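Each chain, letter by letter, is given below.
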Amino acid sequence: MPLVPTAELVDRARAAGGGVAAFNVITLEHAEAIAAGAEAAGVPAILQVSENAVRFHGGLVAIAAAARSVAQASSAELSLHLDHVVSEGLLKAAQHTGFSSVMFDASKLPYGENVKATAAAVRWGHARGIWVEAELGRVGGKAGEAPLDAHAPGVRTDPVEASTYVAETGVDALAVAVGSTHAMVERTAALDHGLIARLRDAVPVPLVLHGSSGVPDEEIARAVAAGMVKINVGTALNTAFTGAVRDWLDANPAGVDPRKYLVPAREGMAGTVERFLRVVAG
Ligand code: G3H
Ligand code: ZN
């Protein structure tokens, strides 16, 4: 099926009062598992490639081509999104590689600089039909950094500031800090549902939840019901992948053919994708 623009998937989910899940692609098997999980659940999904994954592959071209080919060969509705983009060079590489959306991450910058850099990214993206997400507040635990205290002052997104930020930058979606943290391997995060509702009322654009691997199903369902639309999941796929590989190697210590353990790894990730999609789609 042809790629579907991320904007269309997000708008459609929002209009239906539901959400759409976005999954991180690191290897070809991740992309195949996301497509398989979406086909099994019968709902759309977003394949997202982060700047970290691009760095791991030594550039965007090969992993983008793999994700794009898998998506186009799938019977599910899938879009391609570039995630946590910090460098301007990568932002601009979105253009001819099939990505219809980008998350431009200036969240580490002071507020004024974040606004300036993000507004420029939005102007560039909108001139080329690219949907732009940005982050205000700090969802910690990115790229191996120590997790932030999600309850510390200044970490959570302030609704008044969020409203001004969206107006000043023109972003299409806003990633908010509401209690989740990146890279959690246990699903124990508690979201601030009151804050989600205040943010939903304060900003006109869809909200994005990062670090969803650590959020229990019921919390995700409540967040979607309260107005969170794009739900980003990464680590849960890696937990499934690595667990399956570890189990296979433990049981077959002399095995050397990677296909033997990548099959259960891919199946494990596809099952994880399907489960998240069913929760997010409602
Ligand atoms: O942008 C990607 C997500 O926020 C993934 O976070 O790996 O904690 O699920 P996660
Ligand atoms: Zn994230």
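Note that residues are indexed from 1 along each chain, following the sequence as it is written. Following the order in which they are written, the chains are lettered starting with A and the ligands numbered starting with 1. Only residues with pLDDT of at least 70 are given local features in this predicted model, and only at 80 or more are side-chain atom pairs given and counted; all residues enter the totals for whole chains, interfaces and linings. The side-chain values count all of the structure's non-hydrogen atoms but skip hydrogen atoms and water molecules.

A.B. asks: Just give me the short version of the layout of surface pockets, but keep the residues and values in it.
C.D. replies: Where empty space is left becomes clear once a probe the size of a water molecule has been rolled over the atoms. A cavity here means a set of points on a 1 Å grid, drawn over the protein atoms and nothing else, where a 1.4 Å probe fits but cannot get out; a pocket is an open set with protein on both sides within 12 Å along at least five of seven lines, and a residue lines either one if it has an atom within 4 Å of a point. Grid points are joined across faces, edges and corners, and a volume is the space filled by probe spheres set on the points. Estimated volume of the second largest pocket: approximately 190 Å³. Helix and strand labels come from DSSP, where a helix needs a run of H or I of at least four residues and a strand needs a run of E of at least two; each type is numbered from the N terminus. Where the lining of the second largest pocket is concerned, the elements lending two or more residues are helix 1 (6–15), strand 1 (20–24) and helix 11 (258–281). Residue type decides the class: Asp, Glu, Lys and Arg count as charged, Ala, Val, Leu, Ile, Met, Phe, Trp, Tyr, Cys and Pro as nonpolar, and the leftover types, Gly among them, as polar. The residue inventory of the lining of the second largest pocket, partitioned by class, reads 10 nonpolar, three polar and one charged.

A.B. asks: Tell me about the pairing of strand 8 (residues 228–233), and name the residues and values.
C.D. replies: Extensive coverage of strand 8 is indicated by the burial of six of its six residues. Direction of pairing for strand 1 relative to strand 8: parallel, over a ladder of four bridges. Paired with Ala-22 across the two strands is Asn-232, which belongs to strand 8. Strand pairing is assigned whenever DSSP identifies at least 2 bridges connecting the two strands. As paired elements, strand 7 (residues 207–209) and strand 8 share three bridges and run parallel to each other. Residue pairing in the sheet places Leu-209 in a bridge with Ile-231 of strand 8. By convention a crossover is right-handed if, when the strands point away from the viewer, the path from the first strand over the helix to the second runs clockwise. Handedness of the crossover joining strand 7 and strand 8 through helix 9 (residues 217–225) is recorded here as right-handed. Any residue under 20% of the maximum accessible area for its type is buried, any over 50% is exposed, and the rest in between are partly exposed; the area is computed with a 1.4 Å probe on protein chains only.

A.B. asks: Explain the packing of helix 2 (residues 28–41) against helix 4 (residues 61–73) to me, using residue names and the numbers behind them.
C.D. replies: The interhelical angle for the contact between helix 2 and helix 4, taken along N-to-C directions, is 20 degrees, at an axis separation of 9 Å. Classed by the angle they form, the pair helix 2 and helix 4 counts as roughly parallel. The crossing of helix 2 and helix 4 is right-handed. Every residue of helix 4 that contacts helix 2 at Leu-28, Ala-31, Glu-32 and Ala-35 is listed here: Ala-66, Ala-67 and Val-70. By residue class, the composition of the contact of helix 2 with helix 4 is six nonpolar, no polar and one charged. Here an angle of 0 to 180 degrees is reported between the N-to-C directions of two axes, which are lines fitted to C-alpha atoms, with helices fitted over the stretch in contact. Roughly parallel here means an angle under 35 degrees, roughly antiparallel means over 145, roughly perpendicular means 65 to 115, and every remaining angle is called oblique. With the far helix as reference, a near helix turned anticlockwise by less than a right angle produces a left-handed crossing, and one turned clockwise produces a right-handed crossing. The criterion used for residue contact is that any of the two residues' heavy atoms lie within 4.5 Å.

A.B. asks: A description of the site of ligand 1 should follow, citing residues and the corresponding values.
C.D. replies: Taken together, 15 residues are adjacent to ligand 1, and Asp-83, Ala-183, Gly-211, Ser-213 and Thr-235 come closest. A distance of 2.5 Å is found between an oxygen atom of ligand 1 and a side-chain nitrogen or oxygen belonging to Ser-213. In protein, a polar contact requires one atom able to donate a hydrogen and another able to accept it; more generally it is a pair of N or O atoms within 3.5 Å, and residues adjacent in sequence count only if both atoms are side-chain atoms. Thr-235 is positioned with one of its side-chain polar atoms (N or O) 2.6 Å from an oxygen atom of ligand 1. When ligand 1 is considered free in solution it has 310 Å² of accessible area, and contact with the protein chains removes 96% of it. Put simply, the parts of the chain that give the shell around ligand 1 at least two residues each are strand 3 (78–85) and strand 8. Of the residues that constitute the shell around ligand 1, the class distribution is two nonpolar, 12 polar and one charged. We call a residue near a molecule or strand whenever a single non-hydrogen atom of that residue lies within 4 Å of it. Here, Shrake-Rupley sampling with a 1.4 Å probe gives the accessible areas, and only protein chains in the shown set may cover a residue.

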